[in-house]
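# Fold and geometry: a report
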Amino acid sequence: MASRRSSEEMKHVAIRTDASLRIGTGHVMRCLALASAQKERGTHVTFLSREHQGHLIPQIQAAGFDIISLSKPSSALPPADAAYTEWLGTSWQEDAKESLDALKKHALDWMIVDHYAIDKRWESQIAEQIPHVLAIDDLANREHDCKILVDTGFHANSALRYQKLVPTNCKVLYGPRYLFLRDEFIAALKKRKARQAPVKQLLVFFGGADPENLTGRLLNVLEKKVFRSWSLAVVGGATNVRNKEHRDRISSWEKAVFYDKSERMAELIQDSTLAFGGGGVGAWERALLGLPTITVPWANNQREVTHPLARAGAIDLVEPDMATEQHFSSRLERYLSHPEELETMSQRALKFTSDVDGLGREAVIDQMLGVAA
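This write-up is about the structure you can find in this document. Predicted, not measured: the structure shown is a model, and the values here were computed from it. (Residues numbered from 1 in each chain as written. Predicted model: local features only at pLDDT ≥ 70, side-chain atom pairs only at ≥ 80, totals over all residues. Heavy atoms only, no water.)

### Focus on the packing of aromatic side chains
Aromatic rings in a pair are described by how distant their centres are and how their planes are angled relative to each other. One pass over the full model with this rule turns up 10 aromatic pairs. Ring centres of Y84 and W87 lie 4.9 Å apart, and the angle between their planes is 85°; on these two criteria the pair is classed as edge-to-face. Judged by relative accessible area, which is 8%, W87 ranks as buried. Each residue in the set Y84, W87 and Y116 is aromatic and connected to the rest through ring pairs, giving one cluster. Positioned above the aromatic ring of Y178 is the side chain of R177, whose terminal nitrogen or guanidinium carbon lies 4.6 Å from the ring centre. The ring of W253 has R228 lying over it, and the distance from NZ or CZ to the ring centre is 4.3 Å. (Phe/Tyr/Trp six-rings, centres within 6.5 Å; stacked < 30°, edge-to-face > 60°. Buried < 20%, exposed > 50% of the residue type's maximum accessible area, 1.4 Å probe, protein only. Lys NZ or Arg CZ within 6 Å of the ring centre and 35° of its normal.)

### Details of the layout of surface pockets
If you add up the space inside the second largest pocket, you get close to 300 Å³. Around the second largest pocket, the lining is made up of 16 residues, and of these A80, E212, W298, A299 and N300 lie nearest the centre. For the lining of the second largest pocket, the residue count by class is 10 nonpolar, two polar and four charged. (1 Å grid on protein atoms, 1.4 Å probe; cavity = no way out; pocket = protein on both sides within 12 Å on 5 of 7 lines; lining within 4 Å. Points joined across faces, edges and corners; volume = space filled by probe spheres on them. Nonpolar A, V, L, I, M, F, W, Y, C, P; charged D, E, K, R; others polar.)

### Regarding the sheet that holds strand β6 (residues 148-151)
Strand order in the open sheet formed by seven strands is β3-β2-β1-β4-β5-β6-β7, with parallel pairing between adjacent strands. With one partner strand each, in any of the chains shown, β3 (66-70) and β7 (171-174) form the two edges of the open sheet. Averaged over neighbouring strand pairs, the angle between their axes works out to 20° when direction is ignored. With respect to the sheet, helix α1 (residues 26-40) is in contact with β1 (12-17), β2 (44-50), β4 (110-114) and β5 (132-136), its orientation differing from that of β1 by roughly 170°. (Pairing = 2+ DSSP bridges. Helix = DSSP H or I, 4+ residues; strand = E, 2+ residues; numbered from the N terminus. Axes fitted to C-alpha atoms, helices over the stretch in contact; angles between N-to-C directions. Contact = heavy atoms within 4.5 Å.)

### Focus on helix α10 (residues 281-288)
Along α10, seven of the eight residues are buried, which leaves the element largely enclosed by surrounding structure. Buried residues of α10: G282, A283, W284, E285, R286, A287 and L288, and no others. Among the residues trailing α10, G290 stands out with phi positive, at a value near 75°.

### Regarding empty space enclosed by the protein
If you roll a probe as big as a water molecule over the atoms, it shows you where there is empty space left. Under the counting rule described, the total for this entry stands at four cavities of 30 Å³ or more. As for the largest cavity, its lining consists of L202, L222, F227, R228, W230, S231, L232, W253, E254, K255 and A256. For the lining of the largest cavity, a count of residues per class yields seven nonpolar, one polar and three charged. Approximately 50 Å³ is the volume found for the second largest cavity. Lining the second largest cavity are L203, F205, M265, I269, F276, G277, G282, E285 and R286. Every element with two or more residues in the lining of the second largest cavity is listed here: β8 (201-205), α9 (265-271), β11 (274-278) and α10.

The following block contains the structure:
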């Protein structure tokens, strides 16, 4: 890792990212983790986020950051199979213009962008006003005009994925070592350990929105008497419209607790012996702490994250079209009969993620300072 430079060299950065019922919450959450590390090093951070249905603007404010709310989308919530370009809610030209107009009075060192609907065209326009652009991506499906690109996924050809998609002078930082972990997970890394059978507590979290209502399907299964002896922690997510429904449903269940959202996710993961969860950053967080997980990558982009974990035996991967009540039930019954398989999965998860030291966001900030020097 490069040596730290004076915080005076990076006084103010902007972050352009969104959350919505279609996008989910992962982009905003990882940007908040990076922003927290920047703030600790004396950098002022301003977020720009559009008012999609299911946005996280209040949560960004509550975390202590300035937020510029961009206008509400000009189009309705896109369908699940819509192209990523439809996730922006307006044209890229309008988004770039609105962002630049909102930032005219700010002297910015960097623009950080984490959005699947934004590409080289938007970034080039931003670069006319802001000297440095950092792009966060894991799709490698479009061109970028940026000084640094960060892809925290695990890919066999990571070094080549962006070879023709970024400028020749762009620094590409790739791999899980650059994961933007929240403080609670950085602290928890010191305590990670393999799980021991049998199952005692089950953790359920299918992402911030859970648009396919995988939580509801699983709760139908967990009503069976054979599974009711376990402690149960259900996390609904910050933008899950069914939170009240799920809370009410399990309110009478013995040893069951519901969380609308959790600021202590690392603690819940440490306390659990088996989980059901979505893909994305959450899949890495559980693997880092050795929690065996039946994982459903409900969005296409999550498959880039989950498939390497599955190949390593670090998760039990269930493809979305197989995420039925019957299949969930059969997986649980399997682990009731063969709890030793959970121990093996836990050990493989810890081994696969052993190179992640929790310093990813610091390493990225150091690279930003080096470019700006």
